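Per-entry structural report
Here are the chains, one letter per residue:
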Amino acid sequence: MKKILIAPVRLYQRLISPLFPPSCRFQPSCSNYMIEAIQKHGAKGVLMGLARILRCHPWSKTGPDPVPDHFSLKRNSKKS
(Lines give C-alpha, C1' and ligand atoms only; values in the text may rest on other atoms or scores of the structure.)
Protein backbone atom coordinates (compact mmCIF):
# COMPACT_ATOMS: atom_id res chain seq x y z
CA MET A 1 0.00 0.00 0.00
CA LYS A 2 2.78 2.44 0.93
CA LYS A 3 4.57 1.81 -2.38
CA ILE A 4 1.39 2.69 -4.28
CA LEU A 5 1.03 5.96 -2.34
CA ILE A 6 4.70 6.88 -2.78
CA ALA A 7 4.84 6.13 -6.54
CA PRO A 8 3.07 9.35 -7.69
CA VAL A 9 5.39 11.44 -5.51
CA ARG A 10 8.44 9.74 -7.02
CA LEU A 11 7.03 10.41 -10.51
CA TYR A 12 6.61 14.07 -9.60
CA GLN A 13 10.20 14.20 -8.31
CA ARG A 14 11.58 12.66 -11.50
CA LEU A 15 9.39 14.25 -14.18
CA ILE A 16 7.91 17.55 -12.98
CA SER A 17 10.17 18.90 -10.25
CA PRO A 18 13.28 19.17 -12.48
CA LEU A 19 11.39 21.55 -14.79
CA PHE A 20 11.24 24.24 -12.09
CA PRO A 21 13.95 26.00 -10.08
CA PRO A 22 14.37 24.89 -6.44
CA SER A 23 12.08 26.95 -4.23
CA CYS A 24 11.56 24.89 -1.08
CA ARG A 25 10.72 26.87 2.04
CA PHE A 26 11.13 23.92 4.38
CA GLN A 27 13.61 21.16 5.13
CA PRO A 28 12.94 18.46 3.98
CA SER A 29 11.22 19.42 0.73
CA CYS A 30 7.47 18.85 0.55
CA SER A 31 7.83 15.78 -1.69
CA ASN A 32 10.41 14.20 0.62
CA TYR A 33 8.22 15.10 3.60
CA MET A 34 5.25 13.32 2.01
CA ILE A 35 7.32 10.20 1.31
CA GLU A 36 8.64 10.11 4.87
CA ALA A 37 5.16 10.76 6.30
CA ILE A 38 3.71 7.89 4.25
CA GLN A 39 6.51 5.60 5.40
CA LYS A 40 5.88 6.50 9.07
CA HIS A 41 2.09 6.90 9.12
CA GLY A 42 0.72 5.04 6.08
CA ALA A 43 -2.29 6.58 4.33
CA LYS A 44 -2.52 9.30 6.99
CA GLY A 45 0.86 10.47 5.70
CA VAL A 46 -0.86 11.68 2.53
CA LEU A 47 -2.97 14.04 4.65
CA MET A 48 0.14 15.21 6.46
CA GLY A 49 1.86 15.88 3.13
CA LEU A 50 -1.12 17.80 1.79
CA ALA A 51 -1.28 19.88 4.97
CA ARG A 52 2.42 20.64 4.52
CA ILE A 53 1.85 21.78 0.93
CA LEU A 54 -0.95 24.09 2.13
CA ARG A 55 1.44 25.58 4.70
CA CYS A 56 3.86 26.47 1.91
CA HIS A 57 3.08 30.10 1.14
CA PRO A 58 5.03 33.39 1.23
CA TRP A 59 3.89 34.26 4.77
CA SER A 60 4.86 30.99 6.44
CA LYS A 61 7.99 30.55 8.52
CA THR A 62 10.77 28.69 6.75
CA GLY A 63 13.29 26.19 8.01
CA PRO A 64 13.23 22.71 9.50
CA ASP A 65 9.87 20.95 9.61
CA PRO A 66 10.52 17.23 10.21
CA VAL A 67 7.80 14.59 10.08
CA PRO A 68 6.50 14.13 13.64
CA ASP A 69 6.49 10.68 15.22
CA HIS A 70 2.78 11.04 16.00
CA PHE A 71 0.12 11.95 13.42
CA SER A 72 -0.45 15.70 13.31
CA LEU A 73 -1.46 18.18 10.63
CA LYS A 74 0.36 21.03 12.38
CA ARG A 75 3.93 22.14 11.81
CA ASN A 76 6.55 20.27 13.79
CA SER A 77 8.96 22.98 14.85
CA LYS A 78 11.22 20.76 16.97
CA LYS A 79 14.28 19.28 15.35
CA SER A 80 14.51 15.50 15.15
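Below or above, wherever it landed, is the structure these notes cover. Predicted, not measured: the structure shown is a model, and the values here were computed from it. Every chain is numbered independently, its residues counted from 1 as its sequence is written. Given that the model is predicted, a residue must reach a pLDDT of at least 70 before its local features are reported, and side-chain atom pairs must reach 80 or more before they are shown or counted; all residues, however, enter totals for whole chains, interfaces and linings. Working from all heavy atoms in the structure, the side-chain values ignore hydrogens and water.

1. A closer look at the overall build of the chain
- Comment: elements are numbered from the N terminus, with helices defined as DSSP H or I runs of at least four residues and strands as E runs of at least two. Counting its regular elements, the chain contains three helices and two strands.
- The N-to-C order of helical and strand elements in the chain reads α-β-α-α-β.
- The globule rule used here is 2.2 Å times the number of residues to the 0.38 power, and the radius of gyration it is set against is calculated over C-alpha atoms. Taking 12 Å as the expected radius of gyration for a compact globule of 80 residues, we find that the chain reaches 12 Å, a close match to that expectation.
- The dimensions of the chain, computed from C-alpha atoms along their principal axes, are 30 × 30 × 20 Å.
- Only protein chains enter the calculation, and the probe is 1.4 Å; a residue is then buried if its accessible area is under 20% of its type maximum, exposed if over 50%, and partly exposed in between. Residue burial in the chain is summarised as follows: out of 80 residues, 32% are buried.

2. So, the pattern of salt bridges
- In what follows, salt bridge is the name for a side-chain nitrogen of Lys or Arg lying within 4 Å of a carboxyl oxygen of Asp or Glu. Counted by the stated rule, this structure contains four salt bridges.
- With a shortest N-O distance of 3.1 Å, Asp-69 and Lys-40 are connected by a salt bridge. Note that Asp-69 is positioned in the segment after β2 (63-64) and Lys-40 in helix α2 (residues 30-41), a separation of 29 residues in sequence.
- Residues Arg-55 and Asp-65 are paired through a salt bridge, measuring 2.8 Å at the closest nitrogen-oxygen approach. Taken together, the positions of Arg-55 in helix α3 (residues 44-55) and Asp-65 in the segment after β2 put the pair 10 residues apart, joining distant regions of the chain.
- Owing to a relative accessible area of 15%, Arg-55 belongs among the buried residues under this scheme.
- Ionic contacts of the salt-bridge type, sharing partners, join the residues Glu-36, Lys-40 and Asp-69 into one network.

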